[in-house]
Amino acid sequence: MVNAGDMNGSGNLMDFLDEPFPDVGTYEDFHTIDWLREKSRDTDRHRKITSKSKESIWEFIKSLLDAWSGWVVMLLIGLLAGTLAGVIDLAVDWMTDLKEGVCLSAFWYSHEQCCWTSNETTFDDRDKCPQWQKWSELLVSQSEGASAYILNYFLYIMWALCFAFLAVSLVRVFAPYACGSGIPEIKTILSGFIIRGYLGKWTLLIKTVTLVLVVSSGLSLGKEGPLVHVACCCGNFFSSLFSKYSKNEGKRREVLSAAAAAGVSVAFGAPIGGVLFSLEEVSYYFPLKTLWRSFFAALVAAFTLRSINPFGNSRLVLFYVEYHTPWYMAELFPFILLGVFGGLWGTLFIRCNIAWCRRRKTTRLGKYPVLEVIVITAITAIIAYPNPYTRRSTSELISELFNDCGALESSQLCDYINDPNMTRPLDDIPDRPAGPGVYSAMWQLALALVFKIVITIFTFGMKIPSGLFIPSMAVGAMAGRMVGIGVEQLAYHHHDWIIFRNWCRPGADCVTPGLYAMVGAAACLGGVTRMTVSLVVIMFELTGGLEYIVPLMAAAVTSKWVADAFGKEGIYEAHIHLNGYPFLDVKDEFTHRTLATDVMRPRRGEAPLSVLTQDSMTVEDVETLIKETDYNGFPVVVSKDSERLIGFAQRRELILAIKNARQRQDGVVSNSIVYFTEDPPELPPNSPHPLKLRRILNLSPFTVTDHTPMETVVDIFRKLGLRQCLVTRSGRLLGIITKKDVLRHMAQMANQDPESIMFN
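The model shown is predicted, which means the values in this text are computed figures rather than measured ones. (Residues numbered from 1 in each chain as written. Predicted model: local features only at pLDDT ≥ 70, side-chain atom pairs only at ≥ 80, totals over all residues. Heavy atoms only, no water.)

## Some points on the UniProt feature "domain: CBS" (unreviewed entry) in the protein
Right, so step 1: In the UniProt entry, the feature "domain: CBS" (unreviewed entry) is given for residues 600–664 and 697–755.
Right, so step 2: Helix makes up 37% of residues 600–664 and strand 23%. Its end C-alpha atoms lie 39 Å apart.
Right, so step 3: Here residues 697–755 runs as 37% helix and 31% strand, with 31 Å between its end C-alpha atoms. (UniProt positions renumbered as here; feature names shortened; annotations may be inferred. Helix = DSSP H or I, 4+ residues; strand = E, 2+ residues; numbered from the N terminus.)

Written as structure tokens, this is what we have:
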């Protein structure tokens with residue numbers, strides 16, 4: 001037998017794992033992190049820093065730097081996200097106008113900037129100035145007539161196709177992960193899933209460039225969702241500069257939650273809405289510390305964007321409105337109707353879009369992403385150009401629909417018949433009968449609404465960056481504006497009706513159609529995403545309409561109720577399920593009366609569980625077990641006969657430990673005994689050196705008994721973020737339940753295909 005003295009002499013060799021080796025504690029791609037383990041590692045790191053800080057001034061300064069590193073990361077994220085958002089806004093303005101013409105005095109000016117600098121612009125013709133020329137004026141010196149229209153039409157389509165082709169090519173070649181809105185994947189990543197490269201530097205660069213191209217191409221998509229992805233890429237980049245975050249996946253996700261808040265902050269100019277969006281919609285683990293840091297990141301990002309001033313109006317918000325009339329109780333009825341419309345549109349959109357995306361995944365259509373983008377862009381441009389409400393950028397359209405009709409408005413929507421005897425101040429114009437412009441605008445809006453509803457279903461989910469916030473708001477704003485004009489005309493022509501008599505006298509300014517557009521936009525966005533609190537806050541920050549919070553709340557709640565009646569999933573959850581990401585939604589309820597023994601593996605008739613023993617397997621045995629199975633880890637038991645549980649060893653760490661031992665430790669060969677105990681086992685003389693792997697053993701794996709209700713197990717997986725859970729009876733190992741087993745079981749109980757949750 002090898003005596004204890006000999007063993008102690010080689011103690012340093014056998015305990016080489018007491019010094020961490022490269023890649024230990026990291027995770028492979030498409031695997032779930034262990035939240036409990038990450039939390040424990042961070043606590044150990046913090047304890048070490050605190051004890052060292054008492055040793056010297058230098059260690060104390062290092063501990064202060066460590067404490068402040070979180071705030072530094074937030075500052076950097078806010079600055080970069082704000083700068084990128086400002087650059088994207090300016091570039092989109094210029095490239096959108098480039099489809100229609102060019103500024104001769106400075107080609108990098110958008111239409112609006114070009115005419116600002118002109119001295120020859122009158123107020124009535126503020127969109128016309130000699131410096132800005134349409135392509136027909138520049139190429140054939142004609143601004144009116146059929147030939148000029150056809151040339152402008154043709155060049156509009158060509159520019160749109162050029163932008164879209166460039167965008168889809170860049171995504172396909174350099175960063176396939178830069179497509180889509182990014183929010184479903186960010187939700188999955190924040191729940192603990194690893195998707196390497198999804199938040200990488202290439203993805204950040206390509207998403208920023210292609211976002212400008214696709215929004216400028218006129219496709220029915222927005223930049224708001226992708227800006228959350230861009231901000232999270234910034235968060236991931238700055239996390240990698242600080243070991244506190246780069247070496248701990250749990251801490252990194254706290255930074256990404258705050259980055260998502262900064263993304264919404266710059267997308268809408270809504271810092272508080274951004275924090276609430278991160279809390280309500282995307283984050284899985286959101287401690288109070290992350291709330292403060294999200295608030296700070298959103299503040300810095302909003303301040304940076306305001307400094308750049310991309311909208312040129314010295315305001316942070318995208319659609320600033322100023323209504324001069326309060327809303328009345330009787331108007332709650334049309335507001336709730338708009339909420340119902342929003343819920344129905346949300347349900348229709350989710351079902352049709354998921355059906356189309358599933359078809360794209362399962363048929364030959366998915367093999368031609370470039371062709372699909374080109375065809376959809378061509379259809380969009382051909383149909384959009386003749387209608388002035390679809391030709392302009394969606395943000396401009398929403399801005400016009402939200403606006404109140406003042407005396408200086410030149411929009412068709414404000415073509416009312418004025419009373420020549422009116423002597424009222426300019427900001428208090430009474431309700432008037434609609435003129436021919438309003439009626440033609442209503443027809444154009446109705447056609448634009450149908451077109452937007454249909455084309456957005458096919459656009460969202462293509463292999464280009466595509467957000468859903470702005471198209472959804474546009475659908476709601478168009479429907480809302482039409483309802484608003486209808487109510488306004490009803491109140492004008494029938495002011496003696498009982499519902500109008502109390503609050504709408506002749507000659508009074510009763511109904512604000514722009515407010516209905518705002519409420520409709522909130523309702524449709526709520527119907528698609530199922531947001532409530534964050535949605536209302538984003539809407540009033542976006543428009544500055546704080547006193548209209550009750551109509552917005554009524555519409556948001558109604559749209560959620562109506563949409564939930566047809567299905568609980570919002571668009572992001574639906575795409576998570578479509579892609580098979582292992583996401584355990586906190587909002588899902590599990591009410592079935594099953595037990596852990598019904599879900600655990602191995603089941604009856606299956607091969608027994610693959611386990612490691614604490615001191616009787618050789619290196620070759622362990623390597624064979626790893627080679628023949630694809631499990632992510634193995635329970636460690638006293639022996640195969642007793643099956644008393646000792647702990648759990650991760651597959652990746654076993655591979656790394658054995659590889660490092662072979663390189664760094666003399667005497668470790670294939671028939672060396674592997675042991676997980678504190679003291680080495682007694683071995684015959686001349687045996688090869690044993691290999692101690694106790695350091696990589698998790699001595700406190702989470703266990704449940706075989707009679708634990710699955711309702712409790714699901715709750716444990718959600719709240720503790722577990723990867724796996726061992727099932728025991730009286731300390732004896734029976735089986736294992738992984739996160740995927742839980743998801744499969746939930747799918748089965750909901751009469752869905754249990755294999756549909758596997759990531760593909």
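## Some remarks on the domain arrangement of the protein
Right, so step 1: Each assigned domain of the protein is listed with its residue range as follows: domain 1 (84–96 + 176–319 + 334–363 + 394–403 + 411–417 + 427–578) and domain 2 (596–750).
Right, so step 2: Distance between the C-alpha centres of domain 1 and domain 2: 47 Å. (Domains from an automatic or database assignment.)

## Observations concerning the side chain of Arg-481
Right, so step 1: Along the chain, the position of Arg-481 falls in helix 20 (residues 469–493).
Right, so step 2: With no salt bridge to any partner, buried Arg-481 finds its closest opposite charge in Asp-404, at an N-O distance of 6.2 Å.
Right, so step 3: Every residue in contact with Arg-481, bar those within four places of it in the chain, is listed here: Glu-400, Leu-401, Phe-402, Asn-403, Cys-405, Leu-413, Leu-445, Pro-513, Gly-514, Tyr-516 and Ala-517. (Buried < 20%, exposed > 50% of the residue type's maximum accessible area, 1.4 Å probe, protein only. Lys, Arg positive; Asp, Glu negative; His and termini not counted. Salt bridge = Lys/Arg side-chain N within 4 Å of Asp/Glu carboxyl O. Contact = heavy atoms within 4.5 Å.)

## Examining the state of the cysteines
Two cysteines, two sulfur atoms, one covalent bond between them: this is a disulfide.
Right, so step 1: Across all of its chains, the model carries two disulfides by this definition.
Right, so step 2: Cys-103 shares a disulfide with Cys-114; S-S distance 2.1 Å. As the torsion about the S-S bond is roughly 75 degrees, the Cys-103-Cys-114 disulfide counts as right-handed. Of this pair, Cys-103 sits in strand 1 (residues 101–103) while Cys-114 sits in helix 5 (residues 111–116), and the two are eleven residues apart along the sequence.
Right, so step 3: By relative accessible area, which is 2% here, Cys-103 ends up buried.
Right, so step 4: Residue classification places Cys-114 among the buried positions, given a relative accessible area of 0%.
Right, so step 5: The partner cysteine of Cys-115 in its disulfide is Cys-129, sulfur to sulfur 2.2 Å. Given an S-S torsion of about -75 degrees, the disulfide between Cys-115 and Cys-129 has left-handed geometry. (Disulfide = S-S within 2.5 Å.)

## Considerations on the sheet that holds strand 10 (residues 703–705)
Right, so step 1: The three strands lie next to each other as 10-11-12, forming an open sheet whose pairing is mixed. Either end of the sheet is taken by a strand with one partner, and the two such strands are strand 10 and strand 12 (732–738). Looking at each pair of strands side by side, their axes are set apart by 35 degrees on average, direction ignored.
Right, so step 2: Pairing between strand 10 and strand 11 (residues 724–729): three bridges, direction parallel. If you follow Thr-703 over to strand 11, its bridge partner there is Leu-726.
Right, so step 3: Relative to the sheet, helix 29 (residues 710–720) contacts strand 10, strand 11 and strand 12, its axis offset from that of strand 12 by approximately 65 degrees. (Pairing = 2+ DSSP bridges. Axes fitted to C-alpha atoms, helices over the stretch in contact; angles between N-to-C directions.)

## Remarks on helix 29
Right, so step 1: What helix 29 keeps buried is the set Met-710, Val-713, Val-714, Ile-716, Phe-717 and Arg-718.
Right, so step 2: Elements that come into contact with the buried residues of helix 29 comprise helix 26 (596–599), strand 10, strand 11, strand 12 and helix 30 (739–749).
Right, so step 3: Trailing helix 29 by a residue or two, Gly-721 shows a phi angle of about 60 degrees, which is positive.

## Observations concerning the environment of Val-562
Right, so step 1: On the secondary structure map, Val-562 appears in helix 24 (residues 549–566).
Right, so step 2: Separated by 216 residues in the primary sequence, Val-562 and Gly-346 have C-alpha atoms spaced 9.2 Å apart.
Right, so step 3: Setting aside residues up to four positions removed in sequence, Val-562 forms contacts with Val-340, Gly-343 and Leu-344.

## Considerations on the sheet that holds strand 5 (residues 633–637)
Right, so step 1: Here four strands make up an open sheet; going across it, the order is 3-5-6-9 and the pairing mixed. Edge positions in the open sheet fall to strand 3 (612–613) and strand 9 (697–698), since each of these has one partner strand only.
Right, so step 2: Inspection of the sheet shows strand 3 paired to strand 5 by two bridges, in the parallel sense. Each bridged residue has a counterpart across the sheet, and for Thr-613 the counterpart in strand 5 is Val-637.
Right, so step 3: Helix-sheet contacts for helix 28 (residues 651–664) involve strand 3, strand 5 and strand 6 (645–650), and the interaxial angle to strand 6 is about 75 degrees.

## Let's talk about helix 19 (residues 436–459)
Right, so step 1: Over its 24 residues, helix 19 runs 34 Å from end to end, which matches the ideal 34 Å to within 8%, given 1.5 Å per residue.
Right, so step 2: Positive phi shows up at Gly-461, right after helix 19, with a value of about 110 degrees. (Expected span 1.5 Å × (residues − 1).)

## A few points about the pairing of strand 5
Successive side chains on a regular strand alternate, one facing one side of the sheet and the next facing the other.
Right, so step 1: Along strand 5, five of the five residues are buried, which leaves the element largely enclosed by surrounding structure.
Right, so step 2: Taking every second residue as pointing to the same face, both faces of strand 5 are buried, with Gly-633, Pro-635 and Val-637 on one and Phe-634 and Val-636 on the other.
Right, so step 3: Of the pairings in the sheet, the one linking strand 5 to strand 6 comprises five bridges and is antiparallel in character. In the strand pairing of strand 6, Pro-635 is matched with Phe-648.

## A word on the nonpolar core
Right, so step 1: Grouped together as the largest cluster of nonpolar side chains are 174 residues, with contacts concentrated most on Phe-402, Met-473, Met-539 and Ile-737.
Right, so step 2: Here this core spans two domains, since at least three of its residues come from each of domain 1 (84–96 + 176–319 + 334–363 + 394–403 + 411–417 + 427–578) and domain 2 (596–750).
Right, so step 3: Residues contacting Phe-402, with those up to four places away along its chain left out, are Phe-319, Val-321, Tyr-323, Met-473, Ala-477, Arg-481, Gly-514, Ala-517, Met-518, Ala-521, Met-539 and Thr-543.
Right, so step 4: Of all hydrophobic cores here, the second largest spans 20 residues; its members include Val-622, Leu-625, Phe-634 and Val-674. (Core = buried A, V, L, I, M, F, W, Y, C linked by side-chain atoms within 4.5 Å.)

## Structural notes on the side chain of Thr-529
Right, so step 1: Relative to the helices and strands, Thr-529 resides in helix 22 (residues 513–529).
Right, so step 2: A residue is classified by how much of its surface remains accessible, and Thr-529, at 1% relative accessible area, is buried.
Right, so step 3: Within polar-contact distance, the side chain of Thr-529 engages the backbone oxygen of Leu-525 at 2.8 Å.
Right, so step 4: Sequence-distant contacts of Thr-529, defined by excluding residues within four places in its chain, comprise Glu-281, Phe-469, Gly-570, Ile-571 and Tyr-572. (Polar contact = N/O pair within 3.5 Å; in protein donor to acceptor, adjacent residues only side chain to side chain.)

## Points about the packing of aromatic side chains
Right, so step 1: On inspection of all chains with the given rule, the structure shows 23 aromatic pairs.
Right, so step 2: Through successive ring pairs, a cluster of aromatic residues spans Trp-94, Phe-107, Trp-108 and Tyr-109.
Right, so step 3: The positively charged end of Arg-293 is found above the aromatic ring belonging to Trp-71, 5.4 Å away from the centroid.
Right, so step 4: The ring of Tyr-385 carries the charged tip of Arg-391 above its face, separated from the ring centre by 4.1 Å. (Phe/Tyr/Trp six-rings, centres within 6.5 Å; stacked < 30°, edge-to-face > 60°. Lys NZ or Arg CZ within 6 Å of the ring centre and 35° of its normal.)

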